[in-house]
Amino acid sequence: MFETCGREWLFVTPRRYGGLVHAFCVLSNHAHVGLADPDGRHLAFMQYLDSLAARAANASL
């Protein structure tokens, strides 16, 4: 799943929402993200990130 959305996850999404990913850990059923969020847009950031993960998971079924 990470291979499917990894580039957008790490590079496009932070630019789009103004965050900076410091660390991440992708597990089988969830992920942890260390995120700097100077603009307070982390909810939109995470919503978009979750939608990428869901699309990648659905594509692999």
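What counts and how
Residues numbered from 1 in each chain as written. Predicted model: local features only at pLDDT ≥ 70, side-chain atom pairs only at ≥ 80, totals over all residues. Heavy atoms only, no water. Helix = DSSP H or I, 4+ residues; strand = E, 2+ residues; numbered from the N terminus. Buried < 20%, exposed > 50% of the residue type's maximum accessible area, 1.4 Å probe, protein only. Contact = heavy atoms within 4.5 Å. Areas by Shrake-Rupley, 256 points an atom, 1.4 Å probe, with all protein chains shown as cover. Pairing = 2+ DSSP bridges. Phe/Tyr/Trp six-rings, centres within 6.5 Å; stacked < 30°, edge-to-face > 60°. Lys NZ or Arg CZ within 6 Å of the ring centre and 35° of its normal. Expected span 1.5 Å × (residues − 1). Arc of directions from axis to C-beta.

When you look at the overall build of the chain in this model, what are you seeing that I'm missing?
Within the chain one finds 2 helices and 2 strands. Across the chain, helices and strands are ordered from the amino to the carboxyl terminus as α-β-β-α. Taken over 61 residues, the chain has a buried fraction of 21%. Put simply, of all contacts in the chain between residues at least 6 apart along the chain, 41% involve residues at least 24 apart. Accessible surface computed for the chain: about 4,300 Å², of which carbon and sulfur atoms make up 57%.

I'm lost on the environment of F11 in this one. Help?
Residue placement: F11 occurs in helix α1 (residues 2–17). Residues F11 and V21, 10 residues apart in the sequence, show an inter-C-alpha distance of 8.8 Å.

Explain the pairing of strand β2 (residues 31–36) to me, please; I cannot follow it from the model alone.
Put simply, side chains in a regular strand alternate between the two faces of the sheet. Note: strand β1 (residues 20–26) against β2, 6 bridges, orientation antiparallel. Along β2, the bridge assignment pairs V21 with L35. The turn linking β1 back onto β2 is made up of 4 residues.

Explain the packing of aromatic side chains to me, please; I cannot follow it from the model alone.
Here a ring pair, both rings aromatic, is described through the centre-centre distance and the interplanar angle of the planes. According to the stated counting rule, one finds 1 aromatic pair in the structure shown. Look at Y17 and Y48: their rings are 5.8 Å apart centre to centre, the planes differ by 45°, and that puts the pair in the tilted class. Of this pair, Y17 sits in helix α1 while Y48 is found in helix α2 (residues 42–59), placing the two residues 31 residues apart along the sequence. Just as Y17 is buried, Y48 falls in that class too. The side chain of R16 reaches across the aromatic face of Y48, ending 4.4 Å from its centre.

What exactly am I supposed to notice about α2 here?
With 18 residues, α2 extends 26 Å between its outermost C-alpha atoms, agreeing within 8% with the 26 Å of an ideal straight helix rising 1.5 Å per residue. If you check which residues of α2 are buried, you get F45, Y48, L49, L52 and A56. All buried residues of α2 fall inside an arc of 100° around its axis, so they share one side. In α2, the exposed residues that point more than 90 degrees away from the buried face are L43, Q47 and N58.

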